[in-house]
Amino acid sequence: METLTLLTLVFDTLLGLGLLWLAWLLLNSQELFKAIVLFVAFGLLMALAWVRLDAPDVALAEAAIGAGLTGALLLAALAKLQSVKSTQDSNQQLKQDREKFRAFQYLLSLMLLLITAGLGYVVISMPPIAAGLSNEVAANMANSGVSHPVTAVLLNFRGYDTLLELFVLLLALLGVWSFGSTTIQHETNAGPVLLTLTHYLVPVLILVAAYLLWVGAHAPGGAFQAGSVLAAAGVLLLLSGWRPSGCLSKFPLRLILVAGPGLFAITAALLYAFQGELLNYPTEYAGIIILAIEATATLSIGVTLAALFLGSPPHNDEEHT
Amino acid sequence: MTLSEYLSAILLIAGALFFLAGTLGLLRFPDIYTRLHALTKADNVGLGLIVIGLAVQSESFASAGKLFLTWLLVMFAGASVSHLIASGALQRGIRLWKR
């Protein structure tokens, strides 16, 4: 249908221009809160762009992590900034910093322009239709242990990428924890509406996370999407005033944090020891290995992201008070 | 086009109109409380019409059920968050708009 292709072309053009416009607005925003709201809006439109590019897995991850959780993390960081000094001061500081780094800014803009031009050239010079590695992936799907090609690539064919990503996440949390900053003082009484919302939504979110994890074997979904939904449940709990109890927040918390990357690394080491190849799963066990790794990774990702939102090791509070 | 496709198209367009009205309200209404009021119309009724419009076209009860669950979740979260925003605004002393 001619009109339909024209409509989608108009839609895609508007979407692309909208993304650029939002990016410009958020980079230029003087107010940090406004910039965060624009960032979340940018993430949601970006998820829509991934859907248009036929990449629902990335769209899910972008919406859940890029827009949702990163937005929550940025807001938590903003709350901490505001508790350190009033916004008036920081705005003034920001202006002074901008004056100081003007020359640096021009240099940076020039470099970014060069990179953009280079990337643009690469995109334009690519063949319009290319199979890439999709044929090889399709040929090896039977050995992967799952039926969804994205999961097969992430957890099997290119498993070490995902392994390293899990460690990056853990390192990020260690970095935040080592700053030793204080926990944000949330409003003490959460109020009936937030408590009711948390009460009903947390079980639903846990269920959705389990579903996303399970469905990842044959459809869009998987550990990162499920983990971020789990983290959303954690953020809700933390916002309504819940804190892990003393004994829970020491060893058990740390065990869950390292379980995902740990199991993945141990699997890799064992396979290397017995087969001589890192992460080359034996075909008959591939499905169960992937499920075990993804399940523990989901837990670790969820708890790590929620802990990032909290910002400091939970037992610190008790030691101080 | 079949009858169900016409029905679906009408529902989708009606839903989109609610979203348009909600967006106009968000942009044009004078204060935070009236803007929230405009937004809930888009969230609840607009999304509801779009969900029904899509459910008419869906192939199985399972996918239609998932759409309805999405609607319920959005309504639940939307109503709660609107309340939280409004009560937060009241606590900060943002006054109600008066003509």
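Reading guide: rules and limits
Here, residues in each chain are numbered from 1, in the same order as that chain's written sequence. Chains carry letters and ligands carry numbers; both start at the beginning, A for chains and 1 for ligands, and go up in the order they are written. Only residues with pLDDT of at least 70 get local features here, since the model is predicted, and only at 80 or more are side-chain atom pairs given and counted; chain-wide, interface and lining totals rely on the full set of residues. Heavy atoms throughout the structure, all of them, feed into the side-chain values; hydrogens and water do not. For helices the rule is a DSSP run of H or I covering at least 4 residues; for strands it is a run of E covering at least 2, with both sets numbered from the N terminus onward. The criterion used for residue contact is that any of the two residues' heavy atoms lie within 4.5 Å. For every residue, the predictor reports its confidence as pLDDT, a number between 0 and 100. Two parts placed together each lose some accessible area under a 1.4 Å probe, and adding up what both lose gives the buried area. The working definition used for a salt bridge is a side-chain nitrogen of Lys or Arg within 4 Å of a carboxyl oxygen of Asp or Glu. N or O atoms closer than or at 3.5 Å make up a polar contact, with two conditions inside protein: a donor-capable atom paired with an acceptor-capable one, and, for residues adjacent in sequence, both atoms drawn from side chains. When residue character is reported, Ala, Val, Leu, Ile, Met, Phe, Trp, Tyr, Cys and Pro are called nonpolar, Asp, Glu, Lys and Arg charged, and the others, Gly included, polar. Buried means the residue's accessible area, taken with a 1.4 Å probe over protein chains only, is under 20% of the maximum for its type, while exposed means over 50%, and partly exposed covers the values in between.

Visitor: Tell me about the environment of Phe68(B), residues and numbers included.
Guide: All names here are of chain B. In this structure, Phe68 sits in helix H3 (residues 61-91). The sequence separation of Phe68 and Ile10 amounts to 58 residues, and the corresponding C-alpha distance is 18 Å. Residues contacting Phe68, with those up to four places away along its chain left out, are Val51, Ile52 and Ala55.

Visitor: Can you break down the confidence of the model for chain B residue by residue, with the values?
Guide: Mean pLDDT over chain B stands at 89; residues scoring 70 or higher make up 100%. Here the complex is predicted with pTM 0.83, and the ipTM for its interfaces comes to 0.84.

Visitor: Any details on the interface of chain A and chain B? Residues and values, ideally.
Guide: Counting residues at the interface gives nine residues for chain A, matched by eight residues for chain B. Buried area between chain A and chain B, summed over both chains or domains, comes out near 660 Å², and the portion from carbon and sulfur atoms is 83%. In terms of surface lost to chain B, no three residues of chain A exceed Val193(A), Leu197(A) and Leu201(A), which account for 59% of the buried area on that side. Counting the contacts that link chain A with chain B gives zero salt bridges. Remark: the boundary between chain A and chain B carries one residue pair in polar contact (both at pLDDT 80 or more). Split by residue class, the side of chain A that touches chain B holds seven nonpolar, one polar and one charged.

Visitor: Lay out the environment of Leu212(A) with the relevant residues and their values.
Guide: All names here are of chain A. Examined against the element boundaries, Leu212 turns out to sit in helix H9 (residues 191-215). Among the residues examined, Leu212 registers a relative accessible area of 11% and is labelled buried. Taking the C-alpha atoms as reference, Leu212 lies 16 Å from Ala55; in sequence the two are 157 residues apart. Apart from residues lying up to four places away in sequence, Leu212 is in contact with Leu60, Gly221, Gly222, Gln225, Ala226 and Val229.

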